[in-house]
Amino acid sequence: MSGPLPAGPGPLTSLALMLYPPAWRERYGDEVRALLEEAGSGPVTVASLAVRAVPAWVNPPRHLHDRESRMRASVGTVLLAWAALTGVGAVFVQLTQLQGFRAPGHPLVQWCYLIFDAALAISVLTAVAGGMPLWLQMIGLARRERRPRELAWLWMAVLVPAGYLALALTALTVVHDPEASGSWWFAGFAVLGFAAAGLASAGPAVALKRLAPGGPAVAFATAAAGVAAAAVALAGLASAIAAAGLCLWTTSFAGYHHADLAGAYLLIVVAIAATGTVSAGRGVRATFAIPAR
Amino acid sequence: MANRLDRWADPPLLVLASLADEPKHGYAILRDVSETMGVRLTAGTLYAVIARLEAVGLIEPLASADRRRPYQITAAGRATLAEQSARMGRVASLAQARLGERYGWAGA
C-alpha cells in the first residue's frame, strides 16, 4: 500500500475554507486541514468545501455560538450590511432625486422616495441610539484593559465619517461648481464614501469580536440592530421599486430605461438586505432565548 | 452503475453507522464509510454532516491531543440509528420481496 503521499491542503483548499463563517472555521478548520493532510485534496474536495460553505452561512449550526457571541456576530453583520445598504441607497437617491432631473411623475415612485427617506431616518436613529451604550461600554473596556488597537478600531466609527464629511465640505468650498467638473467628482465621492462607510462600520465590528463585551448593552444593541435592519431593508425595497418604476415610467432621463442597471441594483439591494435581516433575526432570536443552564 | 446512486445515500446515517462501533476522527470515518459501505464522502460533506449531527446532539467530540478530534455516537444517536436502520430494513425487505415476486430476483 506504499505510494506517493497525498497532497495536503493547497492554497485553493485554504481559500475554500476561508469561505466559511469565522465560528465554523474556528471550530472545524484545523480538523478539516488535518483530514486533508491524510486524505489529500483535489478539485472535487475544493468544490465540495466551497459549496458546503453556503449552508454554513445560511443555517449555521447553533452550537457554534453561545447566546452572547451570536448577538455580537449579528450586531457586527448588521452594522456592515446597514452601512453598505445605506451607501447604495444614498447613491441611488443622489443619482435620481437630488441632481435636478425631472421628478418622476408616477405616484408609486414618489411614495417610494418618501418611504425610503423615512425608513432610512428611522434606521439611522435606531442604529445610533441602540449602538451608543455598547460603543461606550467597549470604549471603557478597552481603556481599562489598555488595548489601544481596539480603541483605535472603535474611534474609527466617529473619526472616519467626520474626516469624510470634512473632506467633502472642503472640496465643495474649494470647487464652487463640482457638477460642472464632470461625473468624476461624484464617482470619487461615492467610492470614498463607500470606503469610509466600510471602515467606520468595520471598526466597531472588529472591536466587538476582539473585546467580546457582554451584558444588557449587547442585548439592547442586538434588538436595535433588528429594528435598523428591518427599516433599512424597507428602504432598500422602496428604492428597488422606485428603480423599477423609473425604468418603466419615466420619459426624460435615458439611464432610467436601462433594465440591466435596475436589475443589478435590485440584486445588490436584495443580497445585502437579506444578509442583514437574516443575521438580525438570529441575533434577536438569541436575545429573547432563555440562557442555557 | 451503483456508484451513481451514491449521491442519494444518506450521509448522516452513514456517519452514525460508522461511529456505531467505536469513536473515529474525520479521516477514519471517510475510510470506514468508503471501505465498508462503498460510498465516498468528500471532506465538505463529511464536516457539514459532523457539524449538524453535533448540533442536534447525535454525536459528540472527544478530547484529543492533536488536531484529529475523534467523535463518538451519543445515546440519542444510537436511538436514531436504530430507528432509521429498522426503517431501512423494512424498505429493503419490501423491495426484495417485490423484486422476487415480479421479476424472480433471488437475492444478491
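**Q** Give a detailed account of the overall build of chain B, specifying residues and quantitative values.
**A** Helix and strand counts for chain B come out as four helices and two strands. Counting from the amino terminus, helix and strand elements in chain B follow one another as α-α-α-β-β-α. Sorting the 108 residues of chain B into buried and exposed places 33% on the buried side. Restricting the contact set of chain B to residue pairs at least 6 apart, pairs at least 24 apart contribute 45%.

**Q** Outline the overall build of chain A, supporting the account with residue identities and numerical values.
**A** Summing up its helical and strand segments, chain A has nine helices and zero strands in all. The order of α-helices and β-strands along chain A, N terminus first, is α-α-α-α-α-α-α-α-α. Counting every position in chain A, which comprises 293 residues, the buried fraction comes to 41%. Long-range pairs, those at least 24 residues apart, make up 82% of the contacts in chain A with a sequence separation of at least 6. Carbon and sulfur atoms provide 72% of the accessible area of chain A, an area that totals close to 15,800 Å².

**Q** Explain helix 1 (residues 11–19) of chain B to me, and be specific about the residues and the numbers.
**A** Counting buried positions along helix 1 of chain B yields seven of nine residues, so the element is predominantly enclosed. For helix 1 of chain B, the set of buried residues is Pro11(B), Leu13(B), Leu14(B), Val15(B), Leu16(B), Ser18(B) and Leu19(B).

**Q** Tell me what's going on with helix 6 (residues 148–174) of chain A, and back it up with residues and numbers.
**A** Of all the bends in helix 6 of chain A, the greatest, near 45°, is centred on Met156(A). Taken residue by residue, helix 6 of chain A has Glu150(A), Leu151(A), Leu154(A), Met156(A), Val160(A), Ala168(A) and Ala171(A) as its buried positions.

**Q** Give a detailed account of the layout of surface pockets, specifying residues and quantitative values.
**A** Residues and elements named next belong to chain A. In this structure, the second largest pocket occupies an estimated 920 Å³ of space. Along the walls of the second largest pocket sit 33 residues, with Pro22, Trp57, His65, Ala73 and Thr77 positioned nearest its centre. Per element, the largest residue contribution to the lining of the second largest pocket is seven residues, and it comes from helix 4 (residues 67–96). For the lining of the second largest pocket, the class distribution of residues is 19 nonpolar, six polar and eight charged.

**Q** Give me the lowdown on the interface of chain A and chain B, citing residues and values where you can.
**A** Chain A puts 24 residues into the contact, and the matching count from chain B is 21 residues. In total, about 1,800 Å² of surface goes out of reach between chain A and chain B, with carbon and sulfur atoms giving 58% of it. Broken down residue by residue, the surface that chain A buries against chain B is led by Glu31(A), Leu35(A) and Glu38(A), which jointly contribute 31%. For the pair chain A and chain B, the interface holds four salt bridges. Along the contact surface separating chain A from chain B lie 12 residue pairs in polar contact (both at pLDDT 80 or more).

**Q** Got a sec to walk through the packing of helix 3 (residues 43–58) of chain A against helix 3 (residues 43–55) of chain B? Specific residues and values, please.
**A** Running from amino to carboxyl end, helix 3 of chain A crosses helix 3 of chain B at an angle of 30°, the nearest separation of the two axes being 7 Å. Taking contact as the criterion, the partners of Thr45(A), Ser48(A), Leu49(A), Arg52(A) and Pro55(A) in helix 3 of chain A are, on helix 3 of chain B, Ala43(B), Gly44(B), Thr45(B), Ala48(B) and Arg52(B). Its residues assigned to classes, the contact of helix 3 of chain A with helix 3 of chain B comprises four nonpolar, four polar and two charged.

**Q** Help me get a handle on the packing of aromatic side chains, residues and values and all.
**A** One pass over the structure, following the stated rule, counts four aromatic pairs over all chains. Aromatic side chains Tyr20(A) and Trp24(A) sit 4.1 Å apart centroid to centroid with 25° between the ring planes, which places their arrangement in the stacked category. The buried category is assigned to Tyr20(A), whose relative accessible area is 2%. Among the aromatic residues, those joined into a ring-pair cluster are Tyr20(A), Trp24(A), Tyr28(A) and Tyr47(B).

**Q** Could you give an account of the pattern of salt bridges, with specific residues and numbers?
**A** Opposite charge on two side chains allows them to pair when their charged atoms are near. Evaluation of the coordinates by the stated rule reveals 13 salt bridges over all chains. In this structure, Glu150(A) engages Arg210(A) in a salt bridge whose closest nitrogen and oxygen atoms are separated by 3.7 Å. Here Glu150(A), found in helix 6, pairs with Arg210(A), found in helix 7 (residues 183–211); they are 60 residues apart in sequence, far enough to count as distant. Classification of Arg210(A) by relative accessible area gives partly exposed; the value is 41%. Across the pair Lys24(B) and Asp21(B) runs a salt bridge whose closest N-O atoms are separated by 2.6 Å. Exposure remark for Asp21(B): the relative accessible area of 58% places this residue in the exposed category. Within the structure, one salt-bridge network assembled from shared partners comprises Arg27(A), Glu31(A), Glu54(B) and Arg69(B).

**Q** Any details on the nonpolar core? Residues and values, ideally.
**A** Trp24(A), Leu46(B) and Tyr47(B) are the most contacted members of the largest nonpolar core, which has 37 residues in total. Of all the secondary structure elements, the ones that give two or more residues to this core are helix 1 (11–18), helix 2 (22–39) and helix 3 of chain A together with helix 1, helix 2 (26–37), helix 3 and strand 2 (71–73) of chain B. Ranked by residue count, the leading element in this core is helix 3 of chain B, at seven residues. The next biggest cluster of nonpolar side chains, apart from the first, holds 23 residues, and it includes Trp82(A), Ala233(A), Ala238(A) and Ala242(A).

**Q** Which residues make up the packing of helix 1 of chain A against helix 3 of chain A, and what values go with them?
**A** All names here are of chain A. Relative orientation of the contacting elements helix 1 and helix 3 amounts to 10°, with a least axis distance of 8 Å. When the axis of helix 1 is compared with that of helix 3, the two are roughly parallel. Across the interface between the two elements, Leu12, Thr13, Ala16 and Leu17 from helix 1 touch Val46, Leu49 and Ala50 from helix 3. When the residues that make up the contact of helix 1 with helix 3 are grouped by side-chain class, the tally is six nonpolar, one polar and no charged.

Rules behind the numbers
- Residues numbered from 1 in each chain as written.
- Chains lettered and ligands numbered in written order.
- Predicted model: local features only at pLDDT ≥ 70, side-chain atom pairs only at ≥ 80, totals over all residues.
- Heavy atoms only, no water.
- Helix = DSSP H or I, 4+ residues; strand = E, 2+ residues; numbered from the N terminus.
- Buried < 20%, exposed > 50% of the residue type's maximum accessible area, 1.4 Å probe, protein only.
- Contact = heavy atoms within 4.5 Å.
- Areas by Shrake-Rupley, 256 points an atom, 1.4 Å probe, with all protein chains shown as cover.
- Bend = angle between axes of the 7 residues up to and from the residue.
- 1 Å grid on protein atoms, 1.4 Å probe; cavity = no way out; pocket = protein on both sides within 12 Å on 5 of 7 lines; lining within 4 Å.
- Points joined across faces, edges and corners; volume = space filled by probe spheres on them.
- Nonpolar A, V, L, I, M, F, W, Y, C, P; charged D, E, K, R; others polar.
- Buried area = accessible area lost by both parts, 1.4 Å probe.
- Salt bridge = Lys/Arg side-chain N within 4 Å of Asp/Glu carboxyl O.
- Polar contact = N/O pair within 3.5 Å; in protein donor to acceptor, adjacent residues only side chain to side chain.
- Axes fitted to C-alpha atoms, helices over the stretch in contact; angles between N-to-C directions.
- Phe/Tyr/Trp six-rings, centres within 6.5 Å; stacked < 30°, edge-to-face > 60°.
- Core = buried A, V, L, I, M, F, W, Y, C linked by side-chain atoms within 4.5 Å.
- Parallel < 35°, antiparallel > 145°, perpendicular 65-115°, else oblique.

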